[in-house]
Amino acid sequence: MNQKILIIEDDEQDQKIMKRVLISSGFHEILFSNKGEAGIELAKTEKPDLVIIDTILPGMSGFDVCQRITDGAISPKPKMIVMTGFIDAVDAVRARKCGADDYCAKTSDFKSLVEAIKNCLNQ
Amino acid sequence: MLVSENRKILIIEDSPTYQRALADELVSRSYDIICANSGEEGLELIKENPPDLIVLDVMLPQIQGYPVCRLIKSNPHFRHIPVIILTLLEGNRIMPEAIEAGADSFINKQAPMSLIVRRIDALLKMSIAAKLFWQEEVIVEEEEISLAGKKILLMDDDLTYLQILKRELVIDGYQVMDVTTGEQCFEKVKEEMPDLILLSLEMSDLEGTDVCREIHKAKRFYSVPVLMLTPTDSREQIIRSFEAGANDCVAKTDNLKLIKLRIISILKRKYFEEEMRKVRTQLSGAEMKMIIANSEKEIQKQFAQQLEEKNKLLEKEIAERQVAEELSRKLSRAVEQSPVTVVVTDTEGRIEYVNPKFIQLTGYAYEEALGQNPRVFKSGEHSALFYKELWETITAGKEWRGEFHNKKKNGELYWEFASISPVRNLNGEITHYIAVKEDITERKRAEEELKRSKTELETQAWGLQKANDSIKMLYKQLEERNKELQKLDILKSEFVSTVSHELRTPMAIIREGVSQVLEGILGDINVEQKEFLTISLENIDRLGRIINDLLDISKLEAGRVELRREWFDLVSIVNDAIKNYKLMDKASAKGVELRTKFSGERIEVYADRDKLIQIIMNLINNALKFTEEGFIEVAVEDCEDRVECKVSDTGRGISEDDLQHIFVKFRQFDRKDGPGKQGTGLGLTICKALVELHGGTMTVDSKAGVGTTFRFILPEYSMEEILREAISSGMKEAEKLEEAFSAMLMSIDSVETKKHLMDEATYNEHLQQIGKIAYHVLRRSSDKAIGIGGCKLLMTLPVTNGRQALIVQARIEEKINEYLEKEALLEHFKVRFSIASYPSDGSSSEALWNRLFPGGGLAE
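Note that the coordinates shown come from a computational prediction; the quantities given were computed from them, not determined experimentally.

Quick notes on the rules
Residues numbered from 1 in each chain as written. Chains lettered and ligands numbered in written order. Predicted model: local features only at pLDDT ≥ 70, side-chain atom pairs only at ≥ 80, totals over all residues. Helix = DSSP H or I, 4+ residues; strand = E, 2+ residues; numbered from the N terminus. Buried ≥ 20, exposed ≤ 12 C-beta atoms within 10 Å, placed from the backbone. Contact = placed C-beta atoms within 7 Å. Pairing = 2+ DSSP bridges. Nonpolar A, V, L, I, M, F, W, Y, C, P; charged D, E, K, R; others polar. Core = buried A, V, L, I, M, F, W, Y, C linked by C-beta atoms within 7 Å. Domains from an automatic or database assignment. Axes fitted to C-alpha atoms, helices over the stretch in contact; angles between N-to-C directions. UniProt positions renumbered as here; feature names shortened; annotations may be inferred. Parallel < 35°, antiparallel > 145°, perpendicular 65-115°, else oblique. Left-handed = near helix turned anticlockwise from the far one by under 90°.

**Student:** Would you mind going over the overall build of chain A with me for this structure?
**Tutor:** Of regular secondary structure, chain A possesses five helices and five strands. For chain A, the N- to C-terminal ordering of α and β elements is β-α-β-α-β-α-β-α-β-α. Per-residue burial for chain A yields a buried fraction of 42% across its 123 residues. Nonlocal contacts in chain A, meaning residues at least 24 apart in sequence, comprise 61% of its contacts between residues at least 6 apart.

See the structure below:
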């Protein structure tokens, strides 16, 4: 599983937990970005296989980041998972329309995120 | 007169289609047609009515074409009738069998009708003379016809071909003359009067056709047959030959053998004609005239008949045409009013016609559309390949179907479903293309809309699914955490009750020690020591109360407190409590009046007696604690559906801020009031919880400096409701546990005659005692007893079947009898029992109820 994952998430505590959880799940190449714009720039050079985007970010929202990537900001287009702490069907639909491959709830143990990552990268 | 006039042709052909096609062609050229579908039928028809010519298909059912031909030609009566055989083989291949069978000519069935007709014309021309005598018995002796020595004139400017043909013919025994120009030819004809003339169609000077016409101009030579030699077997050359009056024609490119066979055929024919002519000259002039007159009359008759038939045919044709015109008008209306567009183009794709729907749809005027190529409608969305395939399909004569995205005059785009197919003329050539197109813009739009909606719906469904999954997962986590919390809560409660319990024993020992020292049992103590020990004892007691309250509250919170409801008089309970706890004294010592107020002499409630005492005591003690002057009133009022209890005081009251927290655990106010007034902070919380456990409510009213009123309400039940509730809840529990359950009704009958021997109070006292005895026999806490009006008692016994209930009954009876015997009342009271058990006596609470109260209700 030598896949590169970029996580756009502004909460440093969450970043730490995610890093630990993902490494223990066998993902080793993990990049972080605190902001949408910076994340997209990073992705342009790093070309990750998967981008995980938190819905609420300072500045550009997670949905906007998703839309920008769908519109071709990064080539080749990576897989995208929109992650949120506020579960809402309307948000899920919005994420899908912005081009997200999956939508998942941010839980304290990030179990569902790991599952979503595995599903996404296996397809 | 045309060659064809009144000529009768028999077509022997088994294919109705071909038969019909040929017949139509010949009828249009004024021939009379008889048709036969088989050889037999044909031969029959020939016998009945000999035709002028026979067209015979080579392939026939049963008897084939050749045998039929042979049969005709072997009959002296019919052998003069020319026979044309229709072959199936390509081109003018030699058909020796045909000639051998005696056929006069043969032609490929696939040849154009016009060619077949010309050959028929030519053959008939040769037999004109014979026609007049067909009725005569012209019998030619059966003899070998010798064609040797027949004179053949050969004309061609191609010397090589001329020499080859001449040598061949000479070998066959013909007398052959050859010429190379038309001039020479005329001279030779005049000189030699040949039996047959072979003319080359194409010559450097005069054409063969001109020579042929010239020769046949002269009456003398009219009967001299001409066989035209055409350079190829092209149709055009053949037609030209026949038009010039040639009797037959053959291509130079054909095999010489074929030419020779043709020559034989023509010479044979000529031979028969000459035979006929001989017969004619032999007949006398008068006979001849008669025959001619007869045949002319016959001909006239036939002519009139034909005329009539032709008239009829014409009338029929007119009628048919009218029908056709009507149909055409209808079709045209259909096209004009059609809801689909119709476009007709020529082979180049130029528009020749558009219907009104087209004009309406596209916005182009009729005149604008005419002459246009439909490519002006292109939206540019279809590829060149798309149009190429379209054209390839329709030019190949096939129908094309597909969808166009086209442009209207105003630039608006529209979708149409088109079917384009070629229109052919009678010769099968494509002359036009017709496009029938349906406007499917709406349908397309609806489809698109549907597709969009579908995608939208799918996305929505996806979103819902995802949200749902996430919520489920969170819920699961929450449940897990909840379980953990519940576990913790139980642990906490257990901890509290264990600790409280464990504290009691050492505390009792301490209390005992302290009180013994205080009482001076262990020696004298001075005033100072006594004071300290008194304070210690008070606090030990307080600690005891706290521990008890803690135990109570933890039980209440864990839902482990069960009410032992019974039917009792609240008035006496209140009075008893005040009496037993010496509350009057306590109050008067403080200079406070304690009074009671009841709405009736007896106020019956269905509740837990001990718990109610606890509540009332708590409230009175509370009031005493905070009231320094005035009064404390305990009031019980029986309202219709509830019992209202009030404990009011004229104490200092509670501030508004504190009032909000009055029932909260460990809330205490005015702590600084010193010893003796300190509570546990749990009393009111416990009271409220107990009232609520009874299904009631507790409220407080207070005004600082004026006083406080605690009010609690107990819901009142009818006796029947209580009993029914007791039975059905017991049964429900039993059903859940899959255990037995029994309800036992005890009735105490007093023997009427003896009742007056004692006063009412004594009587009631005894009833109460009997009830108590029964109640005390029940040993398990889950067993319950409800007194009904003093002389009845309903006992509910969980996990007890009918047999076990009887044992309980016996024990109760024993105890009651003991009591009655002791009181010498055995004769005054009679105790009866009835038992209803689940499931043996019924599986519904109604069934059990009916068993205990057969009347249905409680009424005695």
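Now, onward.
**Student:** In this structure, what is going on with the overall build of chain B? I would like to understand it.
**Tutor:** Scanning chain B for helices and strands turns up 27 helices and 26 strands. Per-residue burial for chain B yields a buried fraction of 27% across its 860 residues. For chain B, the share of sequence-separated contacts (at least 6 apart) that also reach a separation of at least 24 residues comes to 63%.

**Student:** Help me out: how do you make sense of the pairing of strand 15 (residues 430-439) of chain B in this one?
**Tutor:** Working note: regular strand, side chains alternate between the two faces of the sheet. All names here are of chain B. With six bridges joining them, strand 11 (residues 341-346) and strand 15 adopt antiparallel strand pairing. Counted as the bridge partner of valine 344 is isoleucine 434 from strand 15. The pairing of strand 14 (residues 413-424) with strand 15 spans nine bridges and is classified as antiparallel. When the bridges of strand 15 are listed, glutamate 416 appears paired with aspartate 439.

**Student:** Which parts of the structure should I look at to understand the interface of chain A and chain B?
**Tutor:** Note: interface size is frequently given as the accessible area lost on complex formation between the parts. Listed per partner, the contact involves twelve residues of chain A and twelve residues of chain B. Of all elements in the fold, only helix 4 (89-97) and strand 5 (102-105) of chain A reach the threshold of two or more residues within the side of chain A that touches chain B. Examining the composition of the side of chain A that touches chain B, we find that five residues originate from one element, helix 4 of chain A, more than from any other. Of the residues assigned to the side of chain A that touches chain B, the class counts are seven nonpolar, two polar and three charged.

**Student:** Please clarify how the nonpolar core should be interpreted in this entry.
**Tutor:** The nonpolar side chains of a soluble globular protein tend to be buried, and buried together. All names here are of chain B. One finds Val55, Leu56, Ile85, Leu198 and Leu227 to be the most contacted residues of the largest nonpolar core, which totals 68 residues. Formed jointly, this core draws a minimum of three residues from each of two domains, domain 1 (8-126) and domain 2 (151-295). Among the nonpolar cores identified, the runner-up in size contains 63 residues, and Trp567, Phe710, Ile713 and Met744 belong to it.

**Student:** Teacher, can you tell me more about the sheet that holds strand 14 of chain B here?
**Tutor:** Either a parallel or an antiparallel arrangement is found when strands of a sheet pair, and the pairing is made through backbone hydrogen bonds. Residues and elements named next belong to chain B. Read across the open sheet, the five strands follow the order 12-11-15-14-13; overall the sheet is antiparallel. Since the sheet does not close on itself, it has two edges, and those belong to strand 12 (351-354) and strand 13 (400-407), each with one partner. Looking at each pair of strands side by side, their axes are set apart by 30° on average, direction ignored. Set on the sheet, helix 15 (residues 384-395) makes contact with strand 13, strand 14 and strand 15; between it and strand 14 the angle comes to about 25°.

**Student:** Can you walk me through the environment of serine 241 of chain B in this structure?
**Tutor:** All names here are of chain B. Positionally, serine 241 belongs in helix 10 (residues 235-243). By C-beta crowding, serine 241 is classed as buried, having 26 other C-beta atoms within 10 Å. C-alpha separation for the pair serine 241 and leucine 227, spaced 14 residues apart in sequence, amounts to 8.8 Å. Other than its neighbours up to four places away in sequence, serine 241 contacts Leu201, Thr209, Met228, Thr230, Ala246 and Cys249.

**Student:** What should I look at first to understand the sheet that holds strand 4 (residues 83-87) of chain B in this one?
**Tutor:** Residues and elements named next belong to chain B. Pairing is parallel across the open sheet formed by five strands, whose spatial order is 2-1-3-4-5. Of all strands in the sheet, those with a lone pairing partner are strand 2 (32-36) and strand 5 (105-108), marking the two edges. Within the sheet, the average angular offset between the axes of one strand and its neighbour, ignoring direction, is 20°. Examined bridge by bridge, strand 1 (residues 8-12) and strand 3 (residues 53-57) share four bridges and lie parallel to one another. Across the sheet, isoleucine 9 pairs through a bridge with leucine 53, a residue of strand 3. Where helix 1 (residues 16-27) meets the sheet, its contacts fall on strand 1, strand 2 and strand 3, and the angle it forms with strand 2 comes to roughly 165°. Running at roughly 155° to strand 3, helix 3 (residues 65-74) makes contact with strand 1, strand 3 and strand 4 of the sheet.

**Student:** When you look at the UniProt feature "modified residue: 4-aspartylphosphate" (unreviewed entry) in chain A in this model, what are you seeing that I'm missing?
**Tutor:** All names here are of chain A. Per the UniProt entry, the sites bearing "modified residue: 4-aspartylphosphate" (unreviewed entry) are Asp54 in this numbering. Mapped onto the secondary structure, aspartate 54 falls in strand 3 (residues 50-54). Setting aside residues no more than four positions away along its own chain, aspartate 54 makes contact with Ile8, Glu9, Asp10, Gly62 and Met83.

**Student:** Help me understand the packing of helix 25 (residues 760-777) of chain B against helix 26 (residues 802-823) of chain B, please; the structure alone is not making it clear to me.
**Tutor:** To describe two helices that pack against each other, one gives the angle between their axes and the distance between the axes. Residues and elements named next belong to chain B. Across the interface, helix 25 lies against helix 26 with an axial gap of 9 Å and an inter-helix angle of 140°. In terms of axis orientation, helix 25 runs oblique to helix 26. As helix 25 runs across helix 26, the sense of the crossing is right-handed. Where helix 25 abuts helix 26, its residues Gln769, Ile770, Ile773, Ala774 and Val777 lie against Val808, Arg811, Ile812, Lys815, Ile816 and Tyr819. The residue makeup of the contact of helix 25 with helix 26, split by class, is eight nonpolar, one polar and two charged.

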